[in-house]
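What follows is each chain in one-letter form.
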Amino acid sequence: MTTLAQRRRDPRRPVWQERPSAAGQGAKAGTIAVILLLVLLPMYSIVLTSFSTQAAINIAGGLVLVPHGLTLNAYQLIIQGGVVGRALLISLAITAVGTAFSMVVTVLAAYGLSRKGSFGHRTILWIMLITMFFNGGIIPLFLVVSALGGYDQYWALIAPSAVSVFNIIVMRSFFSNVATDLIDSARIDGASDWRILTKVVLPTSKAVTAVIALFYGVGYWNSWFNILLFMPADSSKWPLQMVMYNYVTQGMAMAGGSTNIVGQNLGHQQVAALSLQMAVVALTLVPIVIVYPFVQKHFTKGVLLGAIKG
């Protein structure tokens, strides 16, 4: 005896194209709701705690979940101190310059490797693939960068991570499947490879380009280990992630380095240490939250096109 689902199934269509049952849809919705809760609840608690007073934190016993006694004192103290503001500008500059540099290198490498007639493209591709699985390690990296004069220099935060082989492969796969008719027509009209890349290939690759730029941007913005490795001494050069690490884990001073993070005052009001820490954490989330909605529409399309094609 056939079941109701079997009677409704169209034999000409595969199972995964059939309309899901009510139970299946409910399970998917419940799973998505749980995942959203796990992601949004910590962010909500961090932001709310950054606006909370010491009394509210004491009542909650830590991170605050119920609004009570909201204040902007933590953010005012951060702005007055100047440390976070300077670190924020440094992080924005490193992210912008690093992303631009990485995109130029990645686009040029991916386009060259996607052209079948380019010199040594298979050999170069295999060498790049090997680096995905084997590398020299941290000590050789430190020695090389230091020997080149990169210690305590901003370029040391960009150059060692400027190229991602994975991103090059994704972009190369996409470039390999750009309409060959357009490229052939451009060549017949006398266009050079540079003109083909800028006028034909890149305009038809906006989705994958936006996604790769997002990958690089988030990577530079969240980078912390390179800072710890190459400029641990001069705190005036620290980007935001290093400042956040010291605020949260070591109680670094907020205003001018003269006082400890615990029990600092803003006028006659004491600012809670946990509120200051969560305010710094919240500030690190703001740029990504602002940028991501503009790139999100390209995210799925860009990754799938670059991964499946080729």
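What counts, and where the lines are drawn
Residues numbered from 1 in each chain as written. Predicted model: local features only at pLDDT ≥ 70, side-chain atom pairs only at ≥ 80, totals over all residues. Heavy atoms only, no water. Helix = DSSP H or I, 4+ residues; strand = E, 2+ residues; numbered from the N terminus. Buried < 20%, exposed > 50% of the residue type's maximum accessible area, 1.4 Å probe, protein only. Core = buried A, V, L, I, M, F, W, Y, C linked by side-chain atoms within 4.5 Å. Contact = heavy atoms within 4.5 Å. Phe/Tyr/Trp six-rings, centres within 6.5 Å; stacked < 30°, edge-to-face > 60°. Lys, Arg positive; Asp, Glu negative; His and termini not counted. Salt bridge = Lys/Arg side-chain N within 4 Å of Asp/Glu carboxyl O. Polar contact = N/O pair within 3.5 Å; in protein donor to acceptor, adjacent residues only side chain to side chain. Axes fitted to C-alpha atoms, helices over the stretch in contact; angles between N-to-C directions. Parallel < 35°, antiparallel > 145°, perpendicular 65-115°, else oblique. Left-handed = near helix turned anticlockwise from the far one by under 90°. Nonpolar A, V, L, I, M, F, W, Y, C, P; charged D, E, K, R; others polar.

1. Topic: the side chain of T99
- Checked against the element boundaries, T99 lands in helix α5 (residues 83-114).
- A relative accessible area of 12% places T99 in the buried class.

2. Let's talk about the nonpolar core
- Formed by 54 residues in total, the largest nonpolar core has its most connected members in V84, M171, F175, I196, V201, I212 and V243.
- When residues in this core are grouped by element, the largest group, ten residues, is from α5.
- Leave out the neighbours within four places in its chain, and V243 touches V83, V84, A87 and W238.

3. Concerning the packing of aromatic side chains
- Summed over all chains, the structure comprises three aromatic pairs.
- Between the aromatic rings of F51 and Y75, the centroid separation amounts to 4.9 Å while the plane-to-plane angle is 35°, which identifies the pairing as tilted. One end of the pair, F51, is in the loop between α2 (22-50) and α3 (54-60); the other, Y75, is in helix α4 (residues 73-81), and 24 residues separate them in sequence.
- Assessed through its relative accessible area of 16%, Y75 is described here as buried.
- On the numbers, 6.0 Å between centres and 85° between planes, the contact of F142 with Y151 is edge-to-face.
- Classification of F142 by relative accessible area gives partly exposed; the value is 27%.
- What makes Y151 partly exposed here is its relative accessible area of 38%.
- Put simply, the rings of F142, Y151 and F230 touch in pairs and so form one group of aromatic residues.

4. Structural notes on unusual backbone geometry
- Unusually for a residue other than glycine, D152 sits at a positive phi of about 65°.
- With respect to the secondary-structure elements, D152 resides in the loop between α7 (138-147) and α8 (165-176).

5. Remarks on the side chain of R115
- Tracing the backbone through its elements, the reader meets R115 in the loop between α5 and α6 (121-131).
- An unpaired buried charge is present at R115: no salt bridge exists, and D193, the closest side chain of opposite charge, is 6.5 Å distant.
- One polar contact links R115 to S114, side chain to side chain, over a distance of 3.2 Å.
- Among residues more than four places away in sequence, those in contact with R115 are H121, F175, S176, I183 and R187.

6. Some details on the packing of α5 against α8
- Closest axis-to-axis distance for the α5/α8 pair is 8 Å, and the angle between their directions is 50°. The orientation of α5 relative to α8 falls into the category oblique. α5 and α8 meet at a crossing whose hand is right-handed. On α8, the residues touching M103, T106, V107, A109, A110, Y111, L113 and S114 of α5 are N167, I168, M171, R172, F175 and S176.
- Here the residues of the contact of α5 with α8 are counted per class, giving nine nonpolar, four polar and one charged.

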